[in-house]
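# Topology and contacts: notes
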Amino acid sequence: MRQRPVQHPARPFSALAGRVQRALEAPTARDEGEGFVPALQEIGAAFRSLGSPLQVRRFIAAHRAWLSGVTWQVGNAALGRMPDLDEYPAMRVLAAGGEPTFAMLEIATGHEVPAQDMERPTVRALTEMAIMVAALDNDRHSLCKELVRGQTDQNVYSVLMHHQGLSLHEAVTTATRLRDRVPLRFMEVHDKVRPGAGLELATHLQGLRYGIRGNAEWGLRVPRYLSLGHVPDPMDDAPLEWAEKPADDDRSAPRGLPTVAWW
């Protein structure tokens, strides 16, 4: 008697990701088994009506990058595998969803960045750094809630504790130093690119800056991070505060992490 193959936990998500992505790419695609498909196609139709074909294709490619990162993360969880400190930022910069978020900038502003500017290594590095700052900020904002719920299977702190044997306090300190170096490097590279940028690229760069600050401010206020299922009372919850200076003022790209050292 032939045995049925064991279903790997990551496979259902991989199939779902493929179906959802195809529904975004193909306006005529139908998927009655997935409730989010019609809503996503409605968003896609709105983007096609508002943006240029290139802007829409950039968003679709960014959406695919996001799903690939989430598939990577789900696969790690299914295998009980903890990524190391070099793999984690490579995965997180995709899984955080920053690619499709920043891809919407052009559609929102109406300024299409020329390909020769958008694909420059320095501009790609700036985009990745903006995403990484937001991702590490989100790791920090959600840490307390995830600890209570036992959901810290993959964040920068669990990675440091697992692979470097750090305590939670030590991991927070180390991760904060790593995080603070990224926006400093961002500003170093930004200040070299911005003077020669045209209107379209300059608008994109400013959007990256707004994204870093906006995500941080959002994380300080949103119930998703501050509550345990209820809207927090401002008098009861002590929000995170801005530091007076970086925990690490080194402006060079992170050392010992080949996947992001090119920044």
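Residues numbered from 1 in each chain as written. Predicted model: local features only at pLDDT ≥ 70, side-chain atom pairs only at ≥ 80, totals over all residues. Heavy atoms only, no water.

### Structural notes on the overall build of the chain
- When you go through the chain residue by residue, the secondary structure sums to twelve helices and zero strands.
- Since a compact globule built from 263 residues should have a radius of gyration of about 18 Å, the 20 Å found for the chain is in line with a globular shape.
- For the chain, the C-alpha atoms occupy an extent of roughly 60 × 50 × 45 Å along the three principal directions.
- Classification of the 263 residues of the chain by burial places 45% in the buried group.
- Looking at the chain alone, contacts between residues at least 24 apart form 70% of all its contacts between residues at least 6 apart.
- On the chain, roughly 14,700 Å² of surface is accessible, and the fraction owed to carbon and sulfur atoms is 57%. (Helix = DSSP H or I, 4+ residues; strand = E, 2+ residues; numbered from the N terminus. Rg over C-alpha atoms; globule rule 2.2 N^0.38 Å. Buried < 20%, exposed > 50% of the residue type's maximum accessible area, 1.4 Å probe, protein only. Contact = heavy atoms within 4.5 Å. Areas by Shrake-Rupley, 256 points an atom, 1.4 Å probe, with all protein chains shown as cover.)

### Overview of empty space enclosed by the protein
- Evaluated as defined, the whole model comprises one cavity of 30 Å³ or more.
- Considering only enclosed or pocket space, the largest cavity measures out at about 80 Å³ in volume.
- Along the walls of the largest cavity sit L85, Y88, P89, M132, L136, V156, L178, V182, P254, L257, V260 and W263, which together make up its complete lining.
- Broken down by secondary-structure element, the contributors of at least two residues to the lining of the largest cavity are α4 (87-95), α7 (121-141) and α10 (168-193).
- Here the lining of the largest cavity is composed, by residue class, of twelve nonpolar, no polar and no charged. (1 Å grid on protein atoms, 1.4 Å probe; cavity = no way out; pocket = protein on both sides within 12 Å on 5 of 7 lines; lining within 4 Å. Points joined across faces, edges and corners; volume = space filled by probe spheres on them. Nonpolar A, V, L, I, M, F, W, Y, C, P; charged D, E, K, R; others polar.)

### So, the layout of surface pockets
- Empty space within the largest pocket amounts to approximately 940 Å³.
- Along the wall of the largest pocket there are 27 residues; nearest its centre are D137, R179, D180, A216 and W242.
- Sorting the residues of the lining of the largest pocket by element identifies α7, α10 and α11 (199-221) as the ones contributing at least two each.
- Classifying every residue of the lining of the largest pocket gives 15 nonpolar, three polar and nine charged.
- Size it by volume and the second largest pocket reaches roughly 770 Å³.
- In terms of lining residues, the second largest pocket is bounded by 36 residues, among which R92, A96, N138, R224 and Y225 are the most central.
- Broken down by element, the residue count for the lining of the second largest pocket peaks at seven residues, all from α11.
- Across the lining of the second largest pocket, the residue classes tally to 16 nonpolar, 13 polar and seven charged.

### Details of the side chain of D137
- Examined against the element boundaries, D137 turns out to sit in helix α7.
- D137 gets classed as buried once you look at its relative accessible area, which sits at 10%.

### So, the pattern of salt bridges
- Under the counting rule described, the total for this entry stands at 14 salt bridges.
- When the shortest N-O distance is used, the salt bridge between E25 and R64 registers 2.1 Å. Here R64 lies in helix α3 (residues 53-79) and E25 lies in helix α1 (residues 10-25), a separation of 39 residues in the sequence.
- A salt bridge links R81 to E87, with the shortest nitrogen-to-oxygen separation between them at 2.7 Å.
- Among the charged side chains, a network of salt bridges with common partners joins R22, E25 and R64. (Salt bridge = Lys/Arg side-chain N within 4 Å of Asp/Glu carboxyl O.)

### Notes on the confidence of the model for the chain
- Across the chain, the average pLDDT comes to 89, with 91% of residues at 70 or higher.
- Mean pLDDT per element in the chain: helix α12 (residues 223-226) is the minimum at 78, and α4 is the maximum at 97.
- Segment residues 1-6: pLDDT under 50, and one contact once partners within four positions in sequence are set aside and those in other chains are kept. (pLDDT = per-residue confidence, 0-100.)

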